[in-house]
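In case you want the letters, here they are:
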Amino acid sequence: MAVIHRTTVKPTKLELLTAWLPARTWYAGASEPELTKAGGFRLDDPDGEVGIEFMVVNDTTGPRPATYLVPLTYRAAPLDGAEHALVGTMEHGVLGPRWAYDGCHDPVLTGRLAALIDGRAEAQAQSVSDTPDREIVRSYAGAHPAPTAFSAVTDTPRATELTAADGTVLLVHRVLTPAREDGPPPAPPAATGHVAGPWQQPDGTRAQGVFAVLRAGARV
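Now for a quick tour of the structure.

### Some points on the sheet that holds strand β8 (residues 152-155)
Sheet strands line up and pair through hydrogen bonds in the backbone, either parallel or antiparallel.
Point 1. The strand order across the open sheet built from six strands is β7-β11-β12-β10-β9-β8, with neighbouring strands paired in antiparallel fashion. The open sheet has two edge strands, β7 (137-140) and β8, and neither has a second partner. Each strand axis lies, on average, 15° off the axis of its neighbour in the sheet, ignoring direction.
Point 2. Contacts between helix α2 (residues 107-117) and the sheet are confined to β7, β9 (159-163), β10 (169-173), β11 (193-200) and β12 (206-215), with β11 contributing the most and set at about 100° to the helix.

Next comes the structure, spelled out in structure tokens:
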């Protein structure tokens, strides 16, 4: 169950991202982003140890406004071997010190994202405890459960690619593109599964688009 604490976090998540985003391969804004929260959702960690959030943020400092998807995990202690993926540390008013990581490098988040795609996990509301997010849609056409372990993580100019041992690729869209049609967008052609959802664009209008895509490996 995703539990949302009504408390302070210092520095704030947006302050952490303002310092972290400019060095990302897929970021196209200015050296000092002007970020606003635009949407997102959460997933549950079955062990109850790791906070999992998919945050959507708008930035208005580049040549044109852009929307980014930033998967984050929150831990009570550093994640071994993930120093390169540390977004920053913060003090949570209830939980104490928290280490925030780029979730594409955290096996708990990537495993739960794969489980969401194939129907073994349910998206949770970003800001309300124990509440499913019915606006997040997913699909899966594989004959077997999706792999949950990804050994290679590669950033591209618009996404992060995660590859499993059987060749399955989980593509996390970092730069979000609104769907051309109204309603939740379907899985892209040749995709084994996908996750999509809504966000608020910089001009205040509502958009929907694909957050992540799964492409089949040897046995999915």
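After that view of the structure, there is still more to cover.
### Looking at helix α1 (residues 13-20)
Along an α-helix, a turn takes 3.6 residues, which lines up residues three or four apart on a common side.
Point 1. Along α1, the residues that are buried comprise L16, L17 and W20. Angular distribution of buried residues about the axis of α1 spans 95°; they occupy a single face of the element.
Point 2. Tucked inside the fold, the buried residues of α1 contact β2 (35-43), β3 (51-59), β4 (66-75), β5 (86-92) and β6 (96-102).

### A short note on the pattern of salt bridges
Point 1. Applying the stated criterion across every chain, the model contains seven salt bridges.
Point 2. Linking R75 and D106 is a salt bridge whose minimum nitrogen-to-oxygen distance equals 2.8 Å. In this pair, R75 sits in strand β4 while D106 sits in the loop between β6 and α2, placing the two residues 31 residues apart along the sequence. Across the pair, D106 and R75 agree in class, each one buried.
Point 3. The salt bridge partner of D102 is R174, with a shortest N-O separation of 2.9 Å. Here D102, found in strand β6, pairs with R174, found in the loop between β10 and β11; they are 72 residues apart in sequence, far enough to count as distant.
Point 4. When salt bridges with common partners are traced through the structure, they connect K13, R42 and E53 into a single cluster.

Cut-offs applied
- Residues numbered from 1 in each chain as written.
- Predicted model: local features only at pLDDT ≥ 70, side-chain atom pairs only at ≥ 80, totals over all residues.
- Heavy atoms only, no water.
- Pairing = 2+ DSSP bridges.
- Helix = DSSP H or I, 4+ residues; strand = E, 2+ residues; numbered from the N terminus.
- Axes fitted to C-alpha atoms, helices over the stretch in contact; angles between N-to-C directions.
- Contact = heavy atoms within 4.5 Å.
- Buried < 20%, exposed > 50% of the residue type's maximum accessible area, 1.4 Å probe, protein only.
- Arc of directions from axis to C-beta.
- Salt bridge = Lys/Arg side-chain N within 4 Å of Asp/Glu carboxyl O.

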